[in-house]
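# Observations on the three-dimensional arrangement
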Amino acid sequence: MQAGLPAPPGAGAAGEAGAEATLDGLSVPTTVSSRKKLQPSITIADNPAEVFTMGFSPDGRYLATGIGDGSLRVFAAQTGKVAFELQAGNAAALPATCLRFRPATAATRTKNVLVAANAVGSIQHWHVTSGKVRARAGVRVR
């Protein structure tokens, strides 16, 4: 839903806490309470380029990032410090556009497995704590 839809008659002014609009026959809120403000708890810095994508590990301990120069970095979520650099970047590399940690289940023995896909569709399957690529698929750019 897009913000800023007009409120139905008698529902309060748009932008007022609790205001609603009708969208395809459903009554939906038009605003979010601004009483709580988001505050950053960590800062991810010292990246050689912009961050294209990121994702948290299932246990919340790590934050994986795909950087614009093609590098893959994993930060400790508590401190914001680089915990692992999986792939160094360079000027000719393409950035990762999607990162996903493998979900933790009772059947998975190996933890901290990350899948990264880049802009041309190449996929890498990483074991984060060892820093090793377990498998590659797709197009390889040279």
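Look up a bit, the structure's there.
Anyway, here's the lowdown on the structure attached to this text. (Residues numbered from 1 in each chain as written. Predicted model: local features only at pLDDT ≥ 70, side-chain atom pairs only at ≥ 80, totals over all residues. Heavy atoms only, no water.)

### Side note on the sheet that holds strand β9 (residues 123-127)
Hydrogen bonds along the backbone pair up the strands of a sheet, which may run parallel or antiparallel. Stated precisely, the cut-off is as follows: When DSSP locates at least two bridges between a pair of strands, those strands are taken to pair. Strands are runs of DSSP state E lasting at least two residues, helices are runs of H or I lasting at least four, and both sets are numbered from the N terminus onward. To obtain an axis, a line is fitted to C-alpha atoms, over the contacting stretch when the element is a helix, and the angle between two such axes runs from 0 to 180 degrees between their N-to-C directions.
Pairing within the open sheet is antiparallel, and its 4 strands lie in the order β7-β8-β9-β10. Of all the strands in the sheet, the pair left with one neighbour each is β7 (96-101) and β10 (132-137). Across the sheet, the mean angle separating the axes of adjacent strands is 20° when strand polarity is ignored. With 5 bridges connecting them, β9 and β10 associate as antiparallel partners. Residue pairing for β10: Gln124 is matched across the bridge by Arg136.

### Overview of the layout of surface pockets
Counted only if it meets this: Think of a 1 Å grid over the protein atoms and nothing else: a 1.4 Å probe that fits but is trapped marks a cavity, an open set flanked by protein within 12 Å on at least five of seven lines marks a pocket, and residues with an atom within 4 Å of a point count as lining. Grid points are joined across faces, edges and corners, and a volume is the space filled by probe spheres set on the points. Any residue that is not Ala, Val, Leu, Ile, Met, Phe, Trp, Tyr, Cys, Pro, Asp, Glu, Lys or Arg is counted as polar, Gly included; the first ten are nonpolar and the last four charged.
What the second largest pocket holds in volume is close to 150 Å³. Looking at the second largest pocket, the residues that line it are Ser57, Pro58, Asp59, Phe101, Arg102, Pro103, Ala104, Thr108, Thr110, Lys111, Asn112 and Val113. Looking at the lining of the second largest pocket, its residues break down into 5 nonpolar, 4 polar and 3 charged.

### Side note on unusual backbone geometry
Of note, Asn112 is a non-glycine position whose phi angle comes to about 60°, a positive value. Looking at the element boundaries, Asn112 is found in the loop between β7 and β8 (113-118).

### Notes on the sheet that holds strand β4 (residues 62-67)
The 4 strands are arranged β3-β4-β5-β6 in an open sheet whose pairing can be described as antiparallel. Of all strands in the sheet, those with a lone pairing partner are β3 (51-56) and β6 (82-87), marking the two edges. If you compare each strand with its neighbour and ignore which way they point, the axes differ by 20° on average. Here 4 bridges tie strand β5 (residues 72-76) to β6, and the two strands are oriented antiparallel to one another. Along β6, the bridge assignment pairs Phe75 with Val82.

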